[in-house]
Amino acid sequence: MSDRRTLYIVSEDASGMRPYASTILNTILDENSKAIIVVRDEKSKDSYLSLPQQNIVYIDYPKGKLSRLFWHFYPHVLIREIKDAIKSHGIELVYTLTAEISLAYVANFLFRKVCVLHTVHDAINHDVKYKNVFERLKDNILVRIPNKEIIRKAQNLVTNSKPQLEYLQNIFPQKKVFYVPFPTLVNEEIKGGTKTVKELESVNDYILFFGSVNLYKGVHLLYNLYINNKHKFGGRKLVIAGAGNDYFGDIQDNDVIRINRYIDDSEVRYLFENAAIVVYPYISATQSGVLSIATYFGKKILLSKTPFFESEVKESKAVVLADVTNEKEFEDCILNLLNTRAESYDLYEEIYNDTVLKRNIEKIQEEVLHCNSIK
């Protein structure tokens, strides 16, 4: 793609989106490409420091409540920078890497003269338990409706989930829909991490869930299983690490360690290397990169039987799929994993290959541009 001028947009600065976008950009950004990245603070920029900074424009996400609200409907600074980049650099293709919900209502106007390839992260909304009616209304107006709107408007879509690919092709038969394997979330800071997790300095050999805690991730199922059966797990503690809303009430058990905060990349190595097994009891999963970190550290993994996980990995001694809504099956699978000697390093090498990722993305970009040129 060295002769193609591409603009990459990263406007959603969430903890899960940063490593995703960073991996894509490290793989594909070249001298003819530009990236516009929205950041909430200076720390967010750390995820992108390995990239050629002369090719990047950073935009600060607004601080005030009113400014943030207005941003969701008309992010004027972002719009201005996109228009300027398209015009001054002769951009042929705009590739959105995050949800870009703030551009939903201006997309047709903004991208009328260029091709757009839009990444779909959640074609189907996840289950959410709202605190009140206001929270439900806010999520619908600011997230769910704009997400559907920008997916509807984009003529070229790309997803990292085979089940989601099939769903999008069925819903939008007139659109071009592409699949790219989910990129690794393991960056250089994770690889070389030396920071300890202060909450775990005297703890090891634990059962681990890592990630933001939301209803659809089924952490409450893991918590309830552990509380009901912890005497069977050989004295191992349960560690739930990641910010979010808990759906299991106040924790009264000292054997459950809840780290309800953002886990810095430099802490991830410590968190995983000291775990006995990693459990991802998702109720639903459209696409996710959680496998990349666990397999990079060779951990034994229990995954729920969701279409995404089932399409991504085959069961082995080190990776087990379970019906997490069936407590007996869930319990048995955890016990079997704990008593099995196995590693998942080979799975990382099999799934996460930067060369294959780059080749796939370049092929899709060429196809999008070719289809547009013959219209």
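Residues numbered from 1 in each chain as written. Predicted model: local features only at pLDDT ≥ 70, side-chain atom pairs only at ≥ 80, totals over all residues. Heavy atoms only, no water.

Q: Can you walk me through the overall build of the protein chain in this structure?
A: Assigned secondary structure in the protein chain consists of 14 helices and 13 strands. Relative to the compact-globule value of 21 Å for 375 residues, the protein chain shows a C-alpha radius of gyration of 21 Å, a close match. Each principal axis of the C-alpha distribution contributes one length, and for the protein chain these read about 65 × 45 × 40 Å. Buried positions account for 56% of the 375 residues belonging to the protein chain. For the protein chain, restricting intrachain contacts to residue pairs at least 6 apart in sequence, the fraction spanning at least 24 positions comes to 67%. Of the roughly 17600 Å² that the protein chain leaves accessible, carbon and sulfur atoms contribute 49%. With 48 positive and 48 negative side-chain charges, the protein chain shows a separation of 5 Å between the mean positions of the two kinds. (Helix = DSSP H or I, 4+ residues; strand = E, 2+ residues; numbered from the N terminus. Rg over C-alpha atoms; globule rule 2.2 N^0.38 Å. Buried < 20%, exposed > 50% of the residue type's maximum accessible area, 1.4 Å probe, protein only. Contact = heavy atoms within 4.5 Å. Areas by Shrake-Rupley, 256 points an atom, 1.4 Å probe, with all protein chains shown as cover. Lys, Arg positive; Asp, Glu negative; His and termini not counted. Charge placed at Lys NZ, Arg CZ, Asp CG, Glu CD.)

Q: Teacher, can you tell me more about the pattern of salt bridges here?
A: Note on pairing: side chains with opposite charge can pair once their charged atoms come close. The tally for this structure, following the rule as stated, stands at 24 salt bridges. Ionic pairing is found between Lys176 and Glu367, a salt bridge with its closest N-O pair at 3.6 Å. Here Lys176 is found in strand E7 (residues 176–179), whereas its partner Glu367 is found in helix H14 (residues 354–373), with 191 residues between them in sequence. The class for Glu367 is partly exposed, based on a relative accessible area of 30%. (Salt bridge = Lys/Arg side-chain N within 4 Å of Asp/Glu carboxyl O.)

Q: Honestly, the sheet that holds strand E10 (residues 256–259) in this entry has me stumped. Any pointers?
A: Remark on secondary structure: sheet strands pair via backbone hydrogen bonds, oriented parallel or antiparallel. Taken together, six strands build an open sheet; the order of strands is E10-E9-E8-E11-E12-E13 and the sheet is parallel. Edge positions in the sheet fall to E10 and strand E13 (319–322), since each has one partner strand and no second. Between one strand and the next, the sheet's axes are offset by a mean angle of 20°, whatever the strand orientation. Where helix H8 (residues 219–229) meets the sheet, its contacts fall on strand E8 (206–210), strand E9 (238–241), E10 and strand E11 (275–280), and the angle it forms with E9 comes to roughly 160°. (Pairing = 2+ DSSP bridges. Axes fitted to C-alpha atoms, helices over the stretch in contact; angles between N-to-C directions.)

Q: Please explain a negative patch on the surface as it appears in this structure.
A: Taken together, the side chains of Glu343, Asp346, Glu349 and Glu350 make up a negatively charged region of the molecular surface. Looking at the element boundaries, Glu350 is found in helix H13 (residues 345–351). Note on Glu350: relative accessible area 64%, which makes it exposed. (Patch = residues over 30% accessible without salt bridge, like charges linked within 9 Å, V, L, I, M, F, W, Y side chains within 5 Å.)

Q: I keep staring at helix H1 (residues 17–28) and nothing clicks. Help me out?
A: Each turn of an α-helix holds 3.6 residues, which means side chains three or four residues apart point in the same direction. The end-to-end C-alpha separation of H1 is 17 Å, in line with the 16 Å expected for twelve residues at 1.5 Å each. With eleven of twelve residues buried, H1 lies mostly within the body of the structure. Of all the residues in H1, the buried ones are Met17, Arg18, Pro19, Tyr20, Ala21, Ser22, Thr23, Ile24, Leu25, Thr27 and Ile28. (Expected span 1.5 Å × (residues − 1).)

Q: Is there a simple way to explain the packing of H8 against helix H12 (residues 327–338) in this structure?
A: Any two packed helices are characterised by how steeply their axes cross, that is the angle between the axes, and by the distance between the axes. Contact geometry of H8 with H12 gives a least axis separation of 11 Å together with a crossing angle of 75°. One finds that H8 runs roughly perpendicular with respect to H12. Along the contact surface, H8 presents Leu221, Leu222, Leu225, Asn228 and Asn229, while H12 presents Glu327, Phe330, Glu331 and Ile334. Taken together, the residues that form the contact of H8 with H12 break down as five nonpolar, two polar and two charged. (Parallel < 35°, antiparallel > 145°, perpendicular 65-115°, else oblique. Nonpolar A, V, L, I, M, F, W, Y, C, P; charged D, E, K, R; others polar.)

So, to be careful, I would describe these as geometric facts and stop short of saying anything about function.
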